[in-house]
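# Observations on the three-dimensional arrangement
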Amino acid sequence: MLESYTTNIINIVNDGHSNLQPLVISRYTLANSLGLGSAATLEALRTRRSGLTPCVFEDVDLETYIAKVEALDAVRMRPDLSAYDCRNNRLAQLCLEQDGFLAATEAARQKYGAARIGVFMGTSTSGILQTELAYRHLDPQSGALPADFHYAETQNSYSLAGFVAHYLGLTGPSFVVSSACSSSAKVFANAVRMMAVGVCDAAVVGGVDSLCLSTLYGFNSLGLVSRSPCRPYDAERDGISIGEGAGFVLLERATAATSPEAMLLLGVGESSDAHHMSTPHPEGLGAIMAMQRALSAAGLQAHDIDYINLHGTATKSNDASEGKAVADVFGNKVACSSTKGWTGHLLGAAGISEAIIAMLAVEHGFIPGSVNTNRLDPAIVIDYRIENGTGEIKRVLSNSFGFGGSNCSLVLGKKS
Amino acid sequence: MMRLYVEGIGLLGPGLDGWSASRDVLAGTTPYVAAPTSLRASDMLPAAERRRAGVPIKLALAVGQEAFLQAGRDTKTTSTVFTSSGGDNDNVHAINGILATAPREVSPTRFHNSVHNAAAGYWCIAAGTHEPSTSLCAYDASFAAGLLESATQVTVDDATVVLIAYDHPYPEPLNAVRPIAAAFGMALILTPRKTEKSLATIEVDIVSGNGQETAMRDAGLEALRSGVPAARGLPLLAALARGEAAQLCIAYLDDNHLDIRIAPC
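Residues numbered from 1 in each chain as written. Chains lettered and ligands numbered in written order. Predicted model: local features only at pLDDT ≥ 70, side-chain atom pairs only at ≥ 80, totals over all residues.

Before going further, it helps to spend a moment on the overall build of chain A. A count of helices and strands for chain A gives 12 helices and 17 strands. Over its C-alpha atoms chain A spans a radius of gyration of 21 Å, differing by no more than 12% from the 22 Å that the globule rule assigns to 416 residues. Seen through its C-alpha atoms, chain A measures out along the principal axes to roughly 65 × 65 × 45 Å. Scored against the burial criterion, the 416 residues of chain A give a buried share of 63%. For chain A, contacts bridging at least 24 residues in sequence account for 80% of all contacts bridging at least 6. (Helix = DSSP H or I, 4+ residues; strand = E, 2+ residues; numbered from the N terminus. Rg over C-alpha atoms; globule rule 2.2 N^0.38 Å. Buried ≥ 20, exposed ≤ 12 C-beta atoms within 10 Å, placed from the backbone. Contact = placed C-beta atoms within 7 Å.)

We now examine the packing of helix α9 (residues 285-298) of chain A against helix α10 (residues 316-330) of chain A. Residue and element names in this part refer to chain A. With their axes 8 Å apart at the nearest point, α9 and α10 run at an angle of 40° to one another. If you check the angle between α9 and α10, you find them oblique. Judged by the sense of rotation from one axis to the other, the crossing of α9 with α10 is right-handed. In contact with Ala287, Ile288, Met291 and Gln292 of α9, α10 contributes Ser321, Glu322, Ala325, Asp328 and Val329. When grouped by side-chain class, the residues that make up the contact of α9 with α10 number five nonpolar, two polar and two charged. (Axes fitted to C-alpha atoms, helices over the stretch in contact; angles between N-to-C directions. Parallel < 35°, antiparallel > 145°, perpendicular 65-115°, else oblique. Left-handed = near helix turned anticlockwise from the far one by under 90°. Nonpolar A, V, L, I, M, F, W, Y, C, P; charged D, E, K, R; others polar.)

Each partner contributes residues to the interface: chain A has 59 residues there, and chain B has 61 residues. Elements that contribute at least two residues to the side of chain A that touches chain B include exactly α4 (128-134), α5 (151-155), β6 (174-177), α7 (183-196), α8 (213-221), β10 (264-272) and α9 of chain A. A class-by-class count of the residues in the side of chain A that touches chain B yields 29 nonpolar, 25 polar and five charged. Of the strand pairs in this sheet, β6(A) and strand β3 (residues 133-137) of chain B are connected by two bridges, and their pairing is antiparallel. (Pairing = 2+ DSSP bridges.)

Bringing the confidence of the model for chain B into the picture now. On average, chain B scores 96 in pLDDT, and the residues at 70 or more come to 100%. Scoring the predicted complex yields pTM 0.96 and, for the interface, ipTM 0.98. (pLDDT = per-residue confidence, 0-100.)

What follows is about the pairing of strand β7 (residues 202-209) of chain A. Residue and element names in this part refer to chain A. Counting buried positions along β7 yields eight of eight residues, so the element is predominantly enclosed. Burial along β7 is two-sided: the face carrying Ala202, Val204, Gly206 and Val208 and the face carrying Ala203, Val205, Gly207 and Asp209 are both buried. The sheet contact formed by strand β5 (residues 117-122) and β7 spans six bridges and is parallel. Along β7, the bridge assignment pairs glycine 122 with glycine 207. Two strands pair when backbone bridges link them, and β7 and strand β9 (residues 245-253) are joined in this way by eight bridges, in the antiparallel orientation. Bridge pairing links alanine 203 to leucine 251 in β9.

Further remarks concern unusual backbone geometry. The linkage connecting Ala102(B) with the following residue, Pro103(B), adopts the cis geometry, with an omega of -5°. Structurally, the position occupied by Pro103(B) is in the loop between α4 (89-100) and α5 (108-114). For the bond from Glu172(B) to Pro173(B), the omega torsion is 10°, close enough to zero to count as cis. Its place among the elements puts Pro173(B) in the loop between β4 (161-167) and α8 (174-177). Of note, Arg48(A) is a non-glycine position whose phi angle comes to about 60°, a positive value. Classification of Arg48(A) as partly exposed rests on a count of 15 C-beta atoms within 10 Å. Even without being a glycine, Asp158(B) presents a positive backbone phi close to 55°.

Before going further, it helps to spend a moment on helix α3 (residues 55-71) of chain B. Residue and element names in this part refer to chain B. Here α3 contains 17 residues, and its C-alpha end-to-end distance of 25 Å stays within 8% of the 24 Å for a straight helix at 1.5 Å per residue. With 14 of its 17 residues buried, α3 lies for the most part within the structure. Looking at the residues trailing α3, positive phi occurs at glycine 72, about 60°. (Expected span 1.5 Å × (residues − 1).)

Bringing the sheet that holds strand β3 (residues 52-54) of chain A into the picture now. Residue and element names in this part refer to chain A. Pairing is mixed across the open sheet formed by three strands, whose spatial order is β3-β4-β8. Looking along the sheet, the strands with just one partner apiece sit at the ends: β3 and β8 (242-243). Taken together, the three bridges between β3 and strand β4 (residues 65-67) define a ladder with antiparallel strand orientation. Paired with threonine 53 across the strands is isoleucine 66, a residue of β4.

This next bit is on the nonpolar core. Counting residues in hydrophobic clusters, the biggest one holds 227 residues, and the most contacted among them are Val164(A), Ala203(A), Leu410(A) and Leu412(A). Excluding residues within four positions of it along the chain, Ala203(A) makes contact with Ile117(A), Gly118(A), Phe120(A), Ala191(A), Met194(A), Met195(A) and Leu251(A). (Core = buried A, V, L, I, M, F, W, Y, C linked by C-beta atoms within 7 Å.)

Rendered as structure tokens:
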């Protein structure tokens, strides 16, 4: 018989269940090449202003387009967190300061206590740019890294969650999920579980990825980088455009006082392709499982979804595979688009950023189309929208699929 | 409180060549003798993938395979949680070197092996599993984060989960700023209910404040525990090896720790 241990126990409840208890999206914010804060992204979507520009970044000599946050060079880190100074954490700080996010998390901290709020972050490359640049300045005699290089606070994957937790003064459970381009969608699943089991009462989830040479030259070596602005779902699509961005969401439990109009996280579905490290399953097997599991967790049918924000990277293989999967689960009756023609591929920040774009669609009755896409791939039979539209959008699905065959779909929106 | 059942164990580290071979050492009945970690590519992988496998993939697949063989369980129906402070550290060092000077020719294999979830990707291919896979990092607390996440998946999703933790040293110059003592991996198959294969019950709580971390009794094993983030799970394996009820403290973040009670089944 195990002795019960009662001193200072944080978690209490184990109410094992299968359906997801919806969580309230109390606040969200995002920052990317379209601007700082959610209003800037919405405005750019509405006016079809893409954030993609010809690549001018460090001394990168690739002919491609990138989506860059110009404001980063001027960001100064909060003095007590100066060791965290790197492009990725600058972007994190800049984003946390938008949309009243700091005030909302501070109110949650007062309400629940710092130890009862979790911090779950997604990133693929964290502050690796700092290391890339440091390797150009190794000591000529010893080969040592520069003295001002801070490994734990910059390069290490956990740097982002450590920074966000310190910046917000939160001390609950925390980690980074790093599963390439699904990272910051999967953090919603972590928060759901942590809150269901009672380990925390609220969670800040999010993701940040910033430009670096590793991803630009790495994706280029795989032949996956387009020389033009990326064209999702176009018959002539020929690869991704890499972008940088950040997004954060504050999640709380629904209560009796929750408004019927509140934005909710309704379902999360995760799966693995078990196919190839850098190519999706050709029939979209893992994608189908992720979407079906998300619908099932939400207790919804395919026809309950009003808009799908696709992963839509604009590579030949992703869009073909995802298109088949969406057609399999939804037929051609649900409006779909990829917004990567605006933001570029935000990699580890794609999941959170596109979840927020999908929520903007719900809040504003707005269906984003697809910039740069000219002629749809006739082999993909879904209701892919090039032009922007309007209409009542109650529930949305957002797809994120990553290297290693890591898939995650989110269902967000209103309950009724 | 989250309650889980351990059904399979895998281990590979310096002088620890598999869980079965290391049980007496961890139980304290045979002396620990450090020796380089015996790394080998898993026969779970097709030949082409085997050639491309870096140290984390070798560690992860070796410990995962040992745990599944012991449990006699199907890899296809088990969710996975991978946790590591780093990733493929040899590869990250090589890529940084390549990017520092022209021409910047990063090979496709180098790039896709550089993602933090490379070991997870190779595992899912080798194991043929479509179940969810999560790849975590929490710096020195990566093992605790992995155990906590695994416990929530077992408890909330009613899932069987294999937790696979691994770390290995960086080459210089990164080794100087982030020393990791050795290549080390461990795996635990965790189930929501007791089965006829269950070895022990584990109860996990996250607790506020700093606790007194449970150390290894042997100095060499304690150096390994404190010198490798993934090896912070060694006290748990030692308790399992002794086959006795035990209460352990594993440090998590600055302001909390995991309280773990183990009892043999």
